[in-house]
Structure formats: structure tokens, C-alpha cells
Amino acid sequence: LLPTELKFIEQEAFEFCTKLLSVNVPQGVSRIMKRSFSGCKSLGSISIPQSVEFIGKGAFNECKNLVVEVSEENERFEVIDGLLIDQEGIAIFASRSDIQGDYIVPECVCVIGESCFDNCKHMTSLKIPGNVKEIGKSAFQECKNLKRVEIEEGLTKIGESAFKGCENLVEIHIPDGVTEVGASAFESCKSLTSITIPSNLEIIAESTFSYCNSLKY
């Protein structure tokens with residue numbers, strides 16, 4: 001059990017505690033920092049109390065069995081269909097057990113955060129609505145059964161390694177509003193045969209399409 005007088009869970013505090021099964025964050029904790037539970041592969045549940053106001057990037061990276069519960073009294077965060085979202089519309093973490101088959105990102109999301117959907121192995125198609133402005137670093141990395149991605153107009157940035165290792169993704173249409181595609185964004189998408197690049201794209205970073213061995217046009 002975590003101490004009841006705890007105020008912060010600092011960066012990487014429980015990183016790679018691979019035998020950790022559950023965490024009940026005590027009331028009074030206000031900040032869960034970057035990568036604080038990253039790599040806790042056995043972690044099955046974590047409870048977020050009313051007092052939590054901030055959750056850092058990648059706080060739950062590689063927690064493939066995790067289900068997040070948020071207190072109904074917490075006004076900062078909520079879980080919608082297995083997706084942890086803050087009040088500013090930043091998607092933080094997706095419960096892997098809830099993300100299966102055809103998936104549509106909720107309309108309230110404006111940023112898909114770092115590693116939010118990485119290793120969602122049961123997601124086969126994805127629709128990103130126009131209210132999403134940015135896809136963060138490694139957001140969909142290693143979604144190995146993802147075959148189709150539909151991105152509506154409105155997106156402006158695709159982050160580093162966003163779709164890296166999506167080895168069954170066949171084609172991608174990058175909307176006209178996108179001005180930057182980050183490093184390794186589509187690296188090792190081995191089935192990718194077609195990609196549409198907008199005329200106003202300003203940056204294609206290093207290794208963006210490296211090892212896309214099937215890419216034709």
C-alpha cells in the first residue's frame with residue numbers, strides 16, 4: 001500500500017516493476033509524473049482519486065494489462081470506452097482489453113498522447129476524427145493487426161514513431177492540414193503500398209518511411 005500522506009509519484013518511480021499487480025493511489029496525491037509506472041507489464045488495475053490533477057507523458061507505457069479507474073469526483077480526468085482522457089482533450093492511455101476491432105477515437109479528443117495506443121494488438125481499423133490536431137510520439141506503435149487508418153481533415157502533426165511497426169497497415173492518406181511528420185513515423189510498416197502526401201507538408205523527418213518494403217507510390 002502507498003502511504004496515505006503521499007503527495008507526488010515522481011518520474012519513473014515504479015518503472016519496470018514487472019510483478020506489480022495493482023495500485024490504489026491514495027487521496028491527496030496530486031501528480032503522477034512521466035513514466036512513473038512504465039513497463040509494469042503485470043499491472044492490472046490502478047485507481048485514480050479525486051485529488052490527482054496531473055498525469056505525465058508515458059506514465060503507463062507498456063502496461064498492456066492495465067485498466068484505469070477514475071473517481072467520479074475527479075473533475076480533471078475521465079475514462080470513455082477504456083480511454084483515459086483529461087479535461088483538455090488529451091488522450092493519455094487506452095485499456096488494451098477495451099480497444100478491439102474497428103475503433104473510432106472519441107470526438108472529445110484533440111491530442112492523442114505519447115504511447116496512448118501502442119501495442120493495441122486487437123485493433124484492426126482506426127478512424128481519427130477532425131477534432132484531433134496531433135498524434136503524439138509512438139501513439140500507435142506496434143499495433144501489428146492495424147490494417148486501415150482513416151484520418152479526417154483537421155490534423156496538423158504526426159509525431160515521432162506514431163505508426164512505427166504497424167506491419168499490416170496497407171495505405172495511409174495524410175490530410176492537407178498536416179505540416180509535419182516526425183522521425184520514424186511509419187518505419188517498418190512492411191505492408192504499406194500507398195501513401196498520399198499533402199502539398200503543404202513542410203517536414204518529413206529522418207527515417208519516416210524506412211523499411212517500408214512494399215511502398216510503391
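Since this is a predicted model, take the numbers as computed values, not measurements.

Thresholds applied
- Residues numbered from 1 in each chain as written.
- Predicted model: local features only at pLDDT ≥ 70, side-chain atom pairs only at ≥ 80, totals over all residues.
- Heavy atoms only, no water.
- Core = buried A, V, L, I, M, F, W, Y, C linked by side-chain atoms within 4.5 Å.
- Buried < 20%, exposed > 50% of the residue type's maximum accessible area, 1.4 Å probe, protein only.
- Helix = DSSP H or I, 4+ residues; strand = E, 2+ residues; numbered from the N terminus.
- Contact = heavy atoms within 4.5 Å.
- Pairing = 2+ DSSP bridges.
- Axes fitted to C-alpha atoms, helices over the stretch in contact; angles between N-to-C directions.

A. Structural detail: the nonpolar core. In terms of nonpolar packing, the biggest core is built from 40 residues, with Ile112, Phe117, Leu126, Ile135, Phe140, Ile158 and Phe163 touching the most fellow members. Those elements that provide at least two residues to this core are strand 8 (83-86), strand 9 (90-94), strand 12 (123-128) and strand 14 (148-151). Ranked by residue count, the leading element in this core is strand 12, at 3 residues. Among residues more than four places away in sequence, those in contact with Ile135 are Ile112, Ile128, Phe140, Leu155, Lys157, Ile158, Gly159, Ala162 and Phe163. Ile9, Val23, Val29 and Leu84 belong to the second largest nonpolar core, which has 21 residues in total.

B. Structural detail: the sheet that holds strand 12. Pairing in this open sheet of 3 strands is parallel, and the strands run 10-12-14 from one edge to the other. Since the sheet does not close on itself, it has two edges, and those belong to strand 10 (101-104) and strand 14, each with one partner. Across the sheet, the mean angle from the axis of one strand to that of its neighbour is 15°, orientation sign disregarded. Taken together, the 4 bridges between strand 12 and strand 14 define a ladder with parallel strand orientation. When the bridges of strand 14 are listed, Ser125 appears paired with Arg148.

C. The sheet that holds strand 4 (residues 45-48), seen in detail. What the 3 strands build is an open sheet, ordered 2-4-6; its pairing is parallel. With one partner strand each, in any of the chains shown, strand 2 (22-24) and strand 6 (67-70) form the two edges of the open sheet. Across the sheet, the mean angle separating the axes of adjacent strands is 15° when strand polarity is ignored.

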